Amino acid sequence: MLLSEFPPVALRIFAALLGLVWGSFLNVVIHRVPRGMSVMRPASHCPACQAPIVAYRNIPVVAWLVLRGRAACCGVRISVRYPLVEAIGGVLSVAVLEMLVLALPPETPALHALMIYIAHFALVLGLVAAAFIDLEYMFIPDAISVGGALLGLATSPIRELPWTDSLLGGLVGFIIVWLPFEVIYSKFRGKPGMGRGDAKLTMLAGAWLGIPGALFVLGGAAVQGTLATLVVVLSGKQLTEPEAITREREELHRELDQMSEDERAEVLRELALDPLADEPERGFGKARIAFGPFLILAILECLFLGKERILGWLWVG
Ligand SMILES: [Zn+2]
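Residues numbered from 1 in each chain as written. Predicted model: local features only at pLDDT ≥ 70, side-chain atom pairs only at ≥ 80, totals over all residues. Heavy atoms only, no water.

Draft legend 1. Here's a closer look at the pattern of salt bridges. Under the defined criterion, the tally for this structure stands at 4 salt bridges. Salt-bridge contacts for Glu136 lead to Arg81; the nearest nitrogen and oxygen are separated by 3.0 Å. Note that Glu136 is positioned in helix H4 (residues 110-137) and Arg81 in helix H3 (residues 81-101), a separation of 55 residues in sequence. Using a relative accessible area of 29% as the deciding quantity, one classes Glu136 as partly exposed. On the basis of relative accessibility, which here comes to 15%, the residue Arg81 falls in the buried class. For Glu182, the salt bridge identified is with Arg196, shortest N-O distance 2.7 Å. Placement of Glu182 in helix H6 (residues 163-189) and of Arg196 in helix H7 (residues 196-234) is noted, with a sequence separation of 14 residues between them. Using a relative accessible area of 14% as the deciding quantity, one classes Glu182 as buried. (Salt bridge = Lys/Arg side-chain N within 4 Å of Asp/Glu carboxyl O. Helix = DSSP H or I, 4+ residues; strand = E, 2+ residues; numbered from the N terminus. Buried < 20%, exposed > 50% of the residue type's maximum accessible area, 1.4 Å probe, protein only.)

Draft legend 2. Quick peek at the packing of helix H5 (residues 142-154) against H7. Running from N to C, H5 and H7 cross one another at 15°; their axes reach a closest spacing of 8 Å. On the basis of their axis angle, the class for H5 and H7 is roughly parallel. In terms of crossing hand, the pair formed by H5 and H7 is left-handed. Here Asp142, Ile144, Ser145, Val146, Gly148, Ala149, Leu151, Gly152 and Leu153 of H5 come into contact with H7, specifically with Lys200, Leu201, Met203, Leu204, Ala207 and Trp208. (Axes fitted to C-alpha atoms, helices over the stretch in contact; angles between N-to-C directions. Parallel < 35°, antiparallel > 145°, perpendicular 65-115°, else oblique. Left-handed = near helix turned anticlockwise from the far one by under 90°. Contact = heavy atoms within 4.5 Å.)

Draft legend 3. Representation of the coordination of the zinc ion within the structure. Here the zinc ion is held by Cys46 (SG), Cys49 (SG), Cys73 (SG) and Cys74 (SG), and the distances to it run 2.2 to 2.4 Å. Around the zinc ion sit 4 donor atoms; with metal-centred angles ranging over 98 to 122°, the donor geometry is tetrahedral. Between consecutive donor residues of the zinc ion, the sequence gaps follow C-x2-C-x23-C-C. Given a relative accessible area of 1%, Cys46 falls into the buried group. (Donors = N, O, S within 2.8 Å, 3.2 Å for Na, K, Ca; no water. Tetrahedral: all angles 85-135°; square planar, octahedral: opposite > 155°, others 65-115°.)

Draft legend 4. Structural detail: a nonpolar patch on the surface. On the surface, a nonpolar cluster with roughly 750 Å² of combined accessible area is contributed by Leu168, Leu171, Ile175, Leu179, Ile184, Phe188, Ile211 and Leu215. Those elements that place two or more of their residues in the nonpolar patch are H6 and H7. Ranked by the residues each element gives to the nonpolar patch, the list is headed by H6, at 6 residues. Looking at the secondary structure, you find Ile211 in helix H7. (Patch = residues over 30% accessible without salt bridge, like charges linked within 9 Å, V, L, I, M, F, W, Y side chains within 5 Å. Areas by Shrake-Rupley, 256 points an atom, 1.4 Å probe, with all protein chains shown as cover.)

Draft legend 5. Geometry of helix H8 (residues 243-258). Across its 16 residues, H8 extends 23 Å between first and last C-alpha, which sits within 8% of the 22 Å expected from 1.5 Å per residue. Within H8, the full set of buried residues consists of Ala244, Ile245, Arg249 and Leu256. Within H8, the buried residues cover an arc of 130° as seen down the axis, which keeps them to one side. Residues of H8 that are exposed and point over 90 degrees away from its buried face: Glu243, Arg254, Asp257 and Gln258. The inward-facing, buried residues of H8 abut H4 and helix H9 (261-271). (Expected span 1.5 Å × (residues − 1). Arc of directions from axis to C-beta.)

Draft legend 6. Here's a closer look at the packing of aromatic side chains. Summed over all chains, the structure comprises 3 aromatic pairs. For the pair Tyr117 and Phe121, a centre-to-centre distance of 5.3 Å together with 20° between the ring planes defines the contact as stacked. Note that Tyr117 and Phe121 are positioned in helix H4 at a spacing of 4 residues, about one turn of the helix. Of the two residues, Tyr117 and Phe121, neither departs from the other in class, the shared state being buried. Centroid distance Phe174 to Trp178: 6.0 Å. Interplanar angle 25°. Geometry classified as stacked. Remark: Trp178 and Phe174 occur in helix H6; sequence separation between them is 4 residues, near one turn of the helix. On the accessibility criterion, Trp178 (29% relative accessible area) is partly exposed. (Phe/Tyr/Trp six-rings, centres within 6.5 Å; stacked < 30°, edge-to-face > 60°.)

Distances and angles like these do not, on their own, reveal function.
Structure below.
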């Protein structure tokens with residue numbers, strides 16, 4: 001069976017539906033993983049009143065629109081993040097098909113095309129989950145960053161990236177964030193300027209896109225992150241850290257008050273190394289924003305537009 005034997009329209013519809021359904025599952029991941037809950041059990045239930053959600057009210061995007069953003073059970077407001085993540089799942093699934101699978105030569109074996117689709121679809125799903133988790137909690141689960149890097153290494157042969165390029169890319173990707181922002185920055189400021197999670201994301205970028213890709217992803221994320229910060233600041237909005245981080249810190253301080261002398265000394269030693277432990281400073285450049293979503297945006301750009309094309313635009317014009 002060859003790729004050209006499948007009608008593209010049918011493939012597009014299938015990819016869109018699959019993306020919406022998996023987008024719906026991503027909402028479960030984004031809600032439960034940071035809370036240490038299982039993504040398999042229990043089945044979907046209302047976050048407010050715990051009532052189970054019947055299947056037809058779980059239809060991606062449509063259910064949210066029909067119910068006007070409220071839960072059918074108790075009428076609690078459901079965040080626009082839910083249909084948004086579902087829609088992103090659908091769009092990215094079609095993008096993987098369109099840009100990475102249908103771009104393959106027509107004589108490509110169907111099985112090979114399917115493997116290319118699955119590998120990239122799994123990657124983009126993981127990245128979307130990581131972006132939303134990082135926005136809310138300022139951390140990136142290892143299962144996604146390290147797991148994604150290993151997936152990149154494992155799939156390098158079918159992606160026509162020599163495995164040595166993938167391995168070196170991952171290594172260099174990790175070092176370009178870890179060395180300057182963790183090792184060197186810590187020497188001067190006492191604690192790292194970027195989390196280890198960001199280093200693991202650039203490692204993922206390198207494992208999928210090689211050394212040039214990792215460099216583009218770090219540079220592209222820095223430029224786009226700076227632009228986004230500028231836009232927010234110029235529009236007169238105050239940059240604030242995510243609520244969950246503030247809440248966590250307040251809780252920790254309450255717990256500290258109740259600890260014994262020894263326990264407290266131990267926890268304070270650990271906190272000294274945590275970049276999120278202090279109250280954020282005010283002012284541009286001091287703002288505490290998640291960098292992960294910008295790295296992820298740059299990875300998606302590189303993946304879909306192709307690093308050759310992007311580097312071509314940048315170097316040759
Ligand atoms: Zn409810």
